[in-house]
Amino acid sequence: ADLTLAVMEYQYIRNNIKVGHTLAFSLNRTFRYIDDLFHISEKRSEFMRITTEMYHQSLTLEQTNSGPRESSFLDLSIIVKNNGKVQTSLYNKTDDYSFSVVRYPHYQSNNPRFMGANTLHGEIVRIYRNCSSVEHFLERVRKIVKYYITIQYPKNIVFSRVYKSLNKTQTYRSNMEKEMNTQNDGERTYELKPQICPTVMRSNHERFTRSFGQLSTVHNPNSKIFCDDFSSLFTNLPHDVVREKLYFLIDTLFKNAGSEYLVVHGNYVRYDRNNASTTGRSYHKVEVKGIIDFILKNSFAYYGGQLFQQHKGIPQGNNASPQIADLTLAVMEYQYIRNNIKVGHTLAFSLNRTFRYIDDLFHISEKRSEFMRITTEMYHQSLTLEQTNSGPRESSFLDLSIIVKNNGKVQTSLYNKTDDYSFSVVRYPHYQSNNPRFMGANTLHGEIVRIYRNCSSVEHFLERVRKIVKYYITIQYPKNIVFSRVYKSLNKTQTISLKYAVP
């Protein structure tokens, strides 16, 4: 039945494409699962005409939704809000029954008890996938927890399974994080991301380069690359500008969270509305501002027998300095874009294909003068940008080498500063060193993954892999270990094959 309908749909769409009629808009947001059909648009008559022509005359469609803006489809409850947003939650037919339904076996049944706990985990994952808001998600989880307790599952087993599911399902945590951070009703506390550390900074850099790698083509083949660097960013930032921008950021974050306090506990930070936490150390938002002020005021240099206090710029070498500089620039960018949106000027095209990582700025377009005008207005007058790329169509940015081809395609490959040095650089420890040998093999795997992320062509990928293999052999790693590690990396990292399979 499913395949018969699928062929009808395929033949109808194919025939209409042949005569030049596209169905992209007419059949957009249309889903079918066997004999259930879902469609959302403002043109019901057009949709009914298409389905009448598409399916055989012996088949009739019956509308099942009760209202024009809400419906249930499979295990989804769908509502279209007045603002156009679509809200989804879990739908269960048994909720409408006037009698109770035994959905899961009793704790004292003959079924293995681990199956009940695993089923609970599967249901939590299903609820998370179906619910677009955290309120509906929590409501459904509470219902299933209550049901498990009614069928005599011990509370410690149920709560332990729920806790593990919520903490081990990383996608749930990442997808709900933003919404949890901005709730402002009730007496709740809200989890935030872990504190910034070097590991997090490295992972942020990896996510940045992966998103940058999606830049594959430019609309105008005459586009040029502008790679700029903020000249002496740390030493040129005025203290009053840093305070103004970061105080604005702190006020905005606390306001959005509906809280006045931050609680630091180990490596985690959370908002606390009433400073009611009994664990960790709490800070009022005024104290957070005071920390910024303390860092700026307490930077000293000893020279020529005298002690000097730094009155301009942020201290280099301080753990917080990269984040202070980065956030200060981020607030400048946010305020500029927000102010221009208010007056009706969109920057979508002017700032399209623009990337910044701390003090390095990358932009690609055919209008450098427009980009320079925007950056002059966006950033404080004490900051100056210096162009770092040597040619208009090629540049290095972070660990990427970027070239714009004549046909408009953007080609990326791995860039390593040490390749330009006139002397050799020891990048990895010798095989006979005191470092654990498994670390060398794991590092080789990590480098292969980094090469694949940065190289847009298989030729550059293979070239870089050969280089690192040759280097490992020169530092006395046995060939069988090196080749075995390379083989495993290429076979276990399936995305490598997927990336280079399609030209």
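Residues numbered from 1 in each chain as written. Predicted model: local features only at pLDDT ≥ 70, side-chain atom pairs only at ≥ 80, totals over all residues. Heavy atoms only, no water.

- Within an unreviewed UniProt entry, the label attached to the chain reads Reverse transcriptase domain-containing protein, and the organism entered is Pristionchus mayeri.

## Considerations on the sheet that holds strand E15 (residues 385-387)
Point 1. Read across the sheet, four strands follow the order E13-E14-E7-E15 without closing on themselves; strand pairing throughout is antiparallel. Of all strands in the sheet, those with a lone pairing partner are strand E13 (354-357) and E15, marking the two edges. Each strand of the sheet is rotated relative to its neighbour by a mean of 25°, with strand direction disregarded. (Pairing = 2+ DSSP bridges. Helix = DSSP H or I, 4+ residues; strand = E, 2+ residues; numbered from the N terminus. Axes fitted to C-alpha atoms, helices over the stretch in contact; angles between N-to-C directions.)

## With respect to the sheet that holds strand E16 (residues 394-397)
Point 1. One open sheet holds the three strands; their spatial order is E16-E17-E18, and the pairing between them is antiparallel. If you trace the sheet from one side to the other, it starts and ends with E16 and strand E18 (410-414), each paired once. Averaged over all adjacent pairs, the angle separating strand axes in this sheet is 20°, with direction ignored.
Point 2. In terms of strand pairing, E16 meets strand E17 (residues 400-404) through four bridges, oriented antiparallel. Within the sheet, the bridge partner assigned to Phe397 lies in E17 and is Leu400.
Point 3. Along the sheet, helix H13 (residues 437-454) contacts E17 and E18; its crossing angle with E18, the most-contacted strand, is approximately 165°. (Contact = heavy atoms within 4.5 Å.)

## Structural notes on the nonpolar core
Point 1. Of all hydrophobic cores here, the largest spans 32 residues; its most connected members are Leu233, Leu237, Val242, Ile314, Leu329, Tyr379 and Leu383.
Point 2. Among the secondary structure elements, those contributing two or more residues to this core are helix H8 (233-236), helix H9 (239-257), strand E9 (268-272), helix H10 (285-297), helix H11 (321-342) and helix H12 (368-378).
Point 3. Broken down by element, the residue count for this core peaks at six residues, all from H9.
Point 4. Among residues more than four places away in sequence, those in contact with Leu383 are Phe230, Leu233, Asn236, Leu237, Leu329 and Met332.
Point 5. Core analysis: the next-biggest nonpolar cluster, separate from the first, contains 19 residues, Tyr431, Ile448, Val449 and Tyr472 among them. (Core = buried A, V, L, I, M, F, W, Y, C linked by side-chain atoms within 4.5 Å. Buried < 20%, exposed > 50% of the residue type's maximum accessible area, 1.4 Å probe, protein only.)

## Structural notes on the environment of Pro238
Point 1. Inspection of the secondary structure puts Pro238 in the loop between H8 and H9.
Point 2. Pro238 sits 58 residues away from Leu296 along the chain, and the two C-alpha atoms are 9.8 Å apart.
Point 3. Residue contacts for Pro238: discarding those within four places in its chain leaves Lys312, His380 and Ser382.

## Regarding H10
For the α-helix, the turn length of 3.6 residues means that residues three or four positions removed from each other point alike.
Point 1. Under the 1.5 Å per step criterion, the end-to-end length of H10 is 19 Å for 13 residues, consistent within 8% with the ideal 18 Å.
Point 2. Buried within H10 we find Val288, Lys289, Ile292, Asp293, Ile295 and Leu296. Relative to the axis of H10, the buried residues are bounded by an arc of 160° and lie together on one face. Opposite the packed face of H10, turned more than 90 degrees from it, sit the exposed residues Val286 and Phe294. (Expected span 1.5 Å × (residues − 1). Arc of directions from axis to C-beta.)

## Some words on helix H2 (residues 44-54)
Point 1. Those residues of H2 not exposed but buried are Phe47, Ile50, Thr51 and Met54. Along the axis of H2, the buried positions cluster into a sector of 95°, meaning they face one direction only. Opposite the packed face of H2, turned more than 90 degrees from it, sit the exposed residues Ser45 and Thr52.

## Some points on the side chain of His39
Point 1. With respect to the helices, strands and loops of the structure, His39 is situated in strand E2 (residues 36-39).
Point 2. With near-sequence residues (within four places) excluded, His39 lies in contact with Ser26, Asn28, Arg29, Thr30 and Phe47.

## Details of the packing of aromatic side chains
Point 1. Applying the stated criterion across every chain, the model contains 16 aromatic pairs.
Point 2. Ring geometry for Tyr104 versus Tyr148: centroids 5.3 Å apart, planes at 40°, classification tilted. With Tyr104 in the loop between strand E5 (86-90) and helix H3 (113-130) and Tyr148 in helix H4 (residues 134-150), this residue pair connects regions lying 44 residues apart in the sequence. You'll find Tyr104 and Tyr148 in the same group, each marked buried. (Phe/Tyr/Trp six-rings, centres within 6.5 Å; stacked < 30°, edge-to-face > 60°.)

## Some words on the pairing of strand E11 (residues 300-303)
Moving residue by residue along a regular strand, the side chains alternate between the two faces of the sheet.
Point 1. In terms of strand pairing, E11 meets strand E12 (residues 306-309) through four bridges, oriented antiparallel. What sits directly across from Tyr303, in E12, is Gln306.
Point 2. The loop that links E11 with its antiparallel partner E12 comprises two residues; one of these, Gly304, has a positive phi angle of about 60°.

## Some remarks on the packing of H13 against helix H14 (residues 458-474)
Point 1. Taken N-terminus to C-terminus, the directions of H13 and H14 make an angle of 160°; their axes are 9 Å apart at the nearest point. Comparing the axis directions of H13 and H14 gives the class roughly antiparallel. In this structure, H13 meets H14 at a crossing whose hand is right-handed. Across from Gly440, Thr443, Leu444, Glu447, Ile448, Ile451 and Tyr452 in H13, the residues of H14 making contact are Phe461, Arg464, Val465, Ile468 and Tyr472. (Parallel < 35°, antiparallel > 145°, perpendicular 65-115°, else oblique. Left-handed = near helix turned anticlockwise from the far one by under 90°.)

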